[in-house]
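Single-letter residue listing:
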Amino acid sequence: MRLIKEISQMKDCRKKIKAPQTVGLVPTMGAFHEGHLSLIRKARQQCDKVVVSIFVNRIQFGKGDDYQRYPRNLSEDISLSEKEGVDVVFAPSLEEMYPQDYSTFVQVGGPLSSTLEGASRSGHFKGVATVLIKLFNIVKPDFSYFGEKDYQQVLIVKKVVDELNLDTQIIVLPTIREKDGLALSSRNSYLNKEERKAAVILYKALEKAKLWIEEGERNPFSIVSKIKDLIKKESLAKLDYVAVVNPETLEKVEDIKGEVLALLAVSIGKARLIDNLLLIAGRSYLEKKEKKFSIERSIKKCE
Ligand code: AMP
């Protein structure tokens, strides 16, 4: 496995990989957990060469966000990457990606980027889109792997790739959770014991929403209001937003028909956590069980 820190070296390395060999990219901010590893494993199964990028992207953090204390664990991430059979870890410095006079950014317009996370974290998706375009240009991946945990990010990345005519195929994989349902996140490390217990409220609330819909609830406003009440009861939790939306546009729905997506963001102690769940109204329990909760329905195999 190679560890590359310079953009020019990463580009040279990529040039030596010729079609029909395929390259898979897993963009991360490091501090690996099983969620990251699930993406790496899928890339390993599907592609000839796997590149994992590790870069805490300063420009997607707002003022007062957790950039300084964001967990960093490069040596452990490198050894995990090696174990998973990764070919290249690309871990550039901040100066390498954004030199002193850096001034080019990718601005994603439209309601998709101004709602939910976009509304709560001004400039966040501009930072995400900018770093991803840079990574796509440096690594030129045939396939790029993302987690459904960051659902809005996935929709935005797909839109950017489509609108800027990029040649990478976006592969989306399901959220990996702890036994009690808490979605794995590098930010979970901020939680103390008590807060960790409280953090399960995000998943509990989503599961409740699923249950209410199974029981026949079709009013999204009532679901949102019941979730707000649930979160209020958890004294350590502070709700940022909860919404029931169309899974493709993220627009709020007026009533619940077919598939809807519930998303929420909650602060617990120093951790701001997000989660989401796709909910399906009007199907039998068995059909629902068989349904794959993934945005990407057909994953093309790299040969
Ligand atoms: P991050 O390092 O947090 O920027 O995440 C890197 C990638 O891992 C993103 O595509 C995330 O959506 C994905 N990811 C983060 N947490 C999980 C999880 N619990 N399950 C699956 N994928 C995840």
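The structure presented is a predicted model; accordingly, all values stated were derived computationally and were not measured.

Undergrad: Looking at this structure, how should I read the pairing of strand 9 (residues 271-280)?
TA: Side chains on a regular strand alternate between the two faces of the sheet. Of all 10 residues in strand 9, 9 are buried; the element is thus mostly enclosed. Sheet topology places strand 8 (residues 259-268) next to strand 9; 10 bridges connect them, and they run antiparallel. From the neighbouring strand, V266 faces strand 9, where its bridge partner is L273.

Undergrad: In this structure, what is going on with the domain arrangement of the protein? I would like to understand it.
TA: By the assigned domains, the protein splits into domain 1 (2-173) and domain 2 (186-284). The C-alpha centroid of domain 2 is placed 27 Å from the C-alpha centroid of domain 1. Contacts between the two partners involve 21 residues from domain 1 and, on the opposite side, 18 residues from domain 2. Overall, the association of domain 1 and domain 2 removes approximately 1700 Å² of surface from exposure, summing both partners, and the carbon and sulfur fraction of that is 52%. Among the residues domain 1 hides against domain 2, the three largest losses belong to R69, L116 and Y151. Together they make up 34% of the total. In this assembly, domain 1 and domain 2 are joined by 2 salt bridges. The residue R272 makes a salt bridge to E117 at a minimum N-O spacing of 2.9 Å. Every element with two or more residues in the side of domain 1 that touches domain 2 is listed here: helix 6 (117-120) and helix 8 (151-163). Looking at which element gives the most residues to the side of domain 1 that touches domain 2, the answer is helix 8, with 3 residues. When the residues that make up the side of domain 1 that touches domain 2 are grouped by side-chain class, the tally is 8 nonpolar, 6 polar and 7 charged.

Undergrad: Just checking my understanding: could you explain the site of the ligand for this structure?
TA: Residues in close proximity to the ligand total 16 residues, the closest being M29, H36, D150, I176 and L184. Here D150 contributes a side-chain N or O atom positioned 2.6 Å from an oxygen atom of the ligand. Backbone polar atom of I176 to a nitrogen atom of the ligand: 2.8 Å apart, as the coordinates give it. Here the ligand loses 92% of its free accessible area of 490 Å² to cover by the protein chains. Ranked by residues supplied to the shell around the ligand, first place goes to helix 2 (residues 34-46) with 3 residues. Grouping the amino acids of the shell around the ligand by side-chain chemistry returns 8 nonpolar, 6 polar and 2 charged.

Undergrad: Sorry if this is basic, but what is going on with the nonpolar core here?
TA: The tendency in soluble globular proteins is for nonpolar side chains to be buried side by side. One finds M10, V51, F90, M97, L132, F136 and L250 to be the most contacted residues of the largest nonpolar core, which totals 46 residues. If one sorts the elements of this core by residue count, helix 7 (residues 124-139) sits on top with 10 residues. Domain assignment of the residues forming this core places at least three in each of domain 1 (2-173) and domain 2 (186-284).

Undergrad: I would appreciate a short explanation of the sheet that holds strand 3 (residues 49-54) in the present structure.
TA: Either a parallel or an antiparallel arrangement is found when strands of a sheet pair, and the pairing is made through backbone hydrogen bonds. The strand order 1-4-3-2-5-6 describes an open sheet built from 6 strands, whose pairing is parallel. What marks the edges here is a single partner per strand, and that holds for strand 1 (2-4) and strand 6 (169-173). Ignoring which end each strand starts from, the neighbouring axes of this sheet average 25° apart. Relative to strand 4 (residues 88-90), strand 1 runs parallel, the two sharing 3 bridges. By the bridge assignment, L3 is partnered in strand 4 with V89. Packed onto the sheet, helix 1 (residues 7-15) meets strand 1, strand 2 (23-28), strand 3 and strand 4 and runs at close to 135° relative to strand 1. The strands touched by helix 2 are strand 2, strand 3, strand 5 (143-147) and strand 6; relative to strand 5, the strand with the most contacts, the crossing angle is about 155°.

What counts as what
- Residues numbered from 1 in each chain as written.
- Predicted model: local features only at pLDDT ≥ 70, side-chain atom pairs only at ≥ 80, totals over all residues.
- Heavy atoms only, no water.
- Buried < 20%, exposed > 50% of the residue type's maximum accessible area, 1.4 Å probe, protein only.
- Helix = DSSP H or I, 4+ residues; strand = E, 2+ residues; numbered from the N terminus.
- Pairing = 2+ DSSP bridges.
- Domains from an automatic or database assignment.
- Contact = heavy atoms within 4.5 Å.
- Buried area = accessible area lost by both parts, 1.4 Å probe.
- Salt bridge = Lys/Arg side-chain N within 4 Å of Asp/Glu carboxyl O.
- Nonpolar A, V, L, I, M, F, W, Y, C, P; charged D, E, K, R; others polar.
- Near = heavy atom within 4 Å.
- Polar contact = N/O pair within 3.5 Å; in protein donor to acceptor, adjacent residues only side chain to side chain.
- Areas by Shrake-Rupley, 256 points an atom, 1.4 Å probe, with all protein chains shown as cover.
- Core = buried A, V, L, I, M, F, W, Y, C linked by side-chain atoms within 4.5 Å.
- Axes fitted to C-alpha atoms, helices over the stretch in contact; angles between N-to-C directions.

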